[in-house]
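# What the coordinates show
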Amino acid sequence: DAEITQSPRHKITETGRQVTLACHQTWNHNNMFWYRQDLGHGLRLIHYSYGVQDTNKGEVSDGYSVSRSNTEDLPLTLESAASSQTSVYFCASSDSGSSYEQYFGPGTRLTVT
Amino acid sequence: AQTVTQSQPEMSVQEAETVTLSCTYDTSESDYYLFWYKQPPSRQMILVIRQEAYKQQNATENRFSVNFQKAAKSFSLKISDSQLGDAAMYFCAYRSYQGAQKLVFGQGTRLTINP
């Protein structure tokens, strides 16, 4: 069955370190998204991609970067982790056609100490 | 930019009763989609119901239904015959009909079911 996976599921890192969160989908979807979830804010969009080599900034992109070298993967990099980036991170994907549902991964809980 | 507001941080309901979760949104677009997502303690985001703005008929999915008021920009979720498994965070979300497929989420409502 097609799925979307994230790794690691939990991570603790120190301030200033570079961190990369992985997202892999086997739906063959063109669209991929990264959101962060914080209490009182719901989910907010960090970056998104509509296909290979395409990336776009979302609402809260400062301090984050993504690259899309193939259809299946959209890794999210925190260049220099900050305590304000402690959050739960969700990856999602969707089809570019008539389907409008986004499928979400299980989330990664990141703690920056 | 579009915004979505859920003004009820927490709600509770007795098992088997009916509960309504509120959501309002702001947009200048005439065509769009609205969604309700459920997030149980497992953290998995589960699509509960969707509504296309061009459809006047309110969407229903078994015990879940919506009251879509386009002019008022209101999109509430009604859960009938509440079950213990309905306990979760519920998020309202907006998506443009064309162009960007990104979702704009509300702050969420935590629903507790009392046995």
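Let us look at the structure shown here. (Residues numbered from 1 in each chain as written. Chains lettered and ligands numbered in written order. Predicted model: local features only at pLDDT ≥ 70, side-chain atom pairs only at ≥ 80, totals over all residues. Heavy atoms only, no water.)

### Quick notes on the overall build of chain B
Tallying secondary structure elements over chain B gives zero helices and 12 strands in all. Put simply, chain B runs from its N terminus to its C terminus through helices and strands in the order β-β-β-β-β-β-β-β-β-β-β-β. Computed over C-alpha atoms, the radius of gyration of chain B comes to 14 Å, within 12% of the 13 Å expected from 2.2 N^0.38 for 115 residues, which places it in the range of a compact globule. For chain B, the computed accessible surface area is about 5,600 Å², with 43% contributed by carbon and sulfur atoms. Distance between charge centroids for chain B: 6 Å, based on 11 positive and 10 negative side chains. (Helix = DSSP H or I, 4+ residues; strand = E, 2+ residues; numbered from the N terminus. Rg over C-alpha atoms; globule rule 2.2 N^0.38 Å. Areas by Shrake-Rupley, 256 points an atom, 1.4 Å probe, with all protein chains shown as cover. Lys, Arg positive; Asp, Glu negative; His and termini not counted. Charge placed at Lys NZ, Arg CZ, Asp CG, Glu CD.)

### Focus on the pattern of salt bridges
Taken as a whole, this structure holds seven salt bridges over all chains when the rule is applied. E101 of chain A serves as the salt-bridge partner of R50 of chain B, at 3.3 Å between the closest nitrogen and oxygen. Separated into two different chains, R50 of chain B in strand β6 (residues 46-52) and E101 of chain A in the loop between β9 (87-94) and β10 (103-104) make up a pair that spans both. Note that K55 of chain B and E52 of chain B form a salt bridge whose closest N and O atoms lie 3.8 Å from each other. With relative accessibility at 39%, the residue K55 of chain B sits in the partly exposed group. When its relative accessible area of 7% is taken as the criterion, E52 of chain B is described as buried. (Salt bridge = Lys/Arg side-chain N within 4 Å of Asp/Glu carboxyl O. Buried < 20%, exposed > 50% of the residue type's maximum accessible area, 1.4 Å probe, protein only.)

### Overview of the interface of chain B and chain A
Between chain B and chain A, the residue contacts involve 20 residues of the former and 27 residues of the latter. Of the roughly 1,900 Å² buried where chain B meets chain A, counting both sides, 49% is carbon and sulfur surface. On the surface where chain B and chain A come into contact, there are one salt bridge. Between the two partners, chain B and chain A, sit nine residue pairs in polar contact (both at pLDDT 80 or more). Sort the elements by how many residues they give to the side of chain B that touches chain A and strand β5 (residues 32-39) of chain B lands first, with four residues. By residue class, the composition of the side of chain B that touches chain A is nine nonpolar, six polar and five charged. (Contact = heavy atoms within 4.5 Å. Buried area = accessible area lost by both parts, 1.4 Å probe. Polar contact = N/O pair within 3.5 Å; in protein donor to acceptor, adjacent residues only side chain to side chain. Nonpolar A, V, L, I, M, F, W, Y, C, P; charged D, E, K, R; others polar.)

### A closer look at the state of the cysteines
Residues and elements named next belong to chain B. Applying the stated criterion across every chain, the model contains two disulfides over all chains. Disulfide partner of C23: C92, at an S-S distance of 2.0 Å. The disulfide joining C23 to C92 has a torsion of about -70 degrees about its S-S bond and is therefore left-handed. Here C23 is found in the loop between β3 (19-21) and β4 (24-26), whereas its partner C92 is found in strand β10 (residues 88-96), with 69 residues between them in sequence. For C23, a relative accessible area of 1% puts it in the buried group. (Disulfide = S-S within 2.5 Å.)

### Overview of the sheet that holds strand β7 (residues 64-66) of chain A
Residues and elements named next belong to chain A. Taking strand neighbours across the sheet as the criterion, the four strands line up as β1-β3-β8-β7 in an open arrangement whose pairing is antiparallel. Looking along the sheet, the strands with just one partner apiece sit at the ends: β1 (4-7) and β7. Adjacent strand axes in the sheet meet at a mean angle of 20 degrees when their direction is disregarded. Pairing analysis gives three bridges linking strand β3 (residues 19-25) to strand β8 (residues 76-78), with the strands arranged antiparallel. Residue pairing in the sheet places L21 in a bridge with L76 of β8. (Pairing = 2+ DSSP bridges. Axes fitted to C-alpha atoms, helices over the stretch in contact; angles between N-to-C directions.)

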